[in-house]
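Below are the chains, spelled out letter by letter.
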Amino acid sequence: MTDVEATAEARRIIAEAYRPVPQMPTTYRDPSPLPTYGSTPPVPQPDSRIVPPWAAGTAVAGIGVGATCVGLGCGIWLACQGFAAVTLTSVLFVTLPIAAVAAVAAAIGSAVRSIKATHTEHHHHYAGPVAQENTTLNTHTRGLIARTSNNLSR
């Protein structure tokens, strides 16, 4: 190829590379103004995004637990900040009365429970014919997907 042919071929390649691509419209925007209302009546559009009650309850419980944890954490932090400046003797003087009241309450509860447990006598007074029925229900559940078998014996 001669220099003249090479120059002509180079110019043809460069002109072909920089030739504009024919444009085809891909969208159309209607410039006419939209009507304020049309001839079609409005259609009711029911809201299908109703939150189920269990989800709302879970959200409320999560917010409550979070707020409680933040409050307790702040209270513990404040108490620890206050106790950092307190001596061991003053902490013991504050906590000993509380421990004494708790011990007395536990002793009273234990005494009341033991008094209730001593009275085990039962009297049944019937007027008329009595039919006594003893029924035993044996239940056995097993398996990954629980299957329960009930055996009723009389």
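Residues numbered from 1 in each chain as written. Predicted model: local features only at pLDDT ≥ 70, side-chain atom pairs only at ≥ 80, totals over all residues. Heavy atoms only, no water.

1. Observations regarding the overall build of the protein chain
Helix and strand counts for the protein chain stand at three helices and two strands. Mapped from its N terminus to its C terminus, the protein chain presents α and β elements in the order α-α-α-β-β. For 154 residues, the compact-globule formula gives about 15 Å, and the C-alpha radius of gyration of the protein chain, at 44 Å, lies well above that figure. Principal axes of the C-alpha set define a box for the protein chain whose edges measure 125 × 70 × 55 Å. When the accessible area of the protein chain is evaluated, it comes to approximately 15,200 Å², of which 66% is carbon and sulfur surface. (Helix = DSSP H or I, 4+ residues; strand = E, 2+ residues; numbered from the N terminus. Rg over C-alpha atoms; globule rule 2.2 N^0.38 Å. Areas by Shrake-Rupley, 256 points an atom, 1.4 Å probe, with all protein chains shown as cover.)

2. A few points about the environment of Thr120
Here Thr120 is to be found in the loop between helix 3 (88-118) and strand 1 (136-142). In sequence terms Thr120 and Arg49 are 71 residues apart; their C-alpha atoms lie 59 Å from each other.

3. Overview of the pattern of salt bridges
Overall, the coordinates contain two salt bridges when judged by the stated rule. Its salt-bridge partner being Arg12, residue Glu9 comes within 2.5 Å of it at the nearest N-O pair. Of this pair, Glu9 and Arg12 both sit in helix 1 (residues 3-17), three residues apart, which is roughly one turn of the helix. Accessibility expressed as a relative area gives 30% for Glu9, which makes it partly exposed. Note on Arg12: relative accessible area 42%, which makes it partly exposed. Each of Glu9, Arg12 and Glu16 takes part in a single network of salt bridges with overlapping partners. (Salt bridge = Lys/Arg side-chain N within 4 Å of Asp/Glu carboxyl O. Buried < 20%, exposed > 50% of the residue type's maximum accessible area, 1.4 Å probe, protein only.)

4. Remarks on a nonpolar patch on the surface
A cluster of nonpolar side chains, contributed by Val104, Ile108 and Val112, occupies part of the molecular surface with about 260 Å² of accessible area. When you line up the elements, Val112 lands in helix 3. Given a relative accessible area of 41%, Val112 falls into the partly exposed group. (Patch = residues over 30% accessible without salt bridge, like charges linked within 9 Å, V, L, I, M, F, W, Y side chains within 5 Å.)

5. Here's the deal with the environment of Tyr28
By secondary structure assignment, the location of Tyr28 is in the loop between helix 1 and helix 2 (53-83). Tyr28 sits in the exposed class, given a relative accessible area of 70%. A C-alpha to C-alpha distance of 64 Å links Tyr28 and Arg147, two positions 119 residues apart in sequence.

6. Considering the confidence of the model for the protein chain
Averaged over the protein chain, the pLDDT score is 79; the fraction of residues at 70 or greater is 91%. The secondary structure element of the protein chain with the lowest average pLDDT is strand 2 (residues 147-153), at 73, and the one with the highest is helix 1, at 92. (pLDDT = per-residue confidence, 0-100.)

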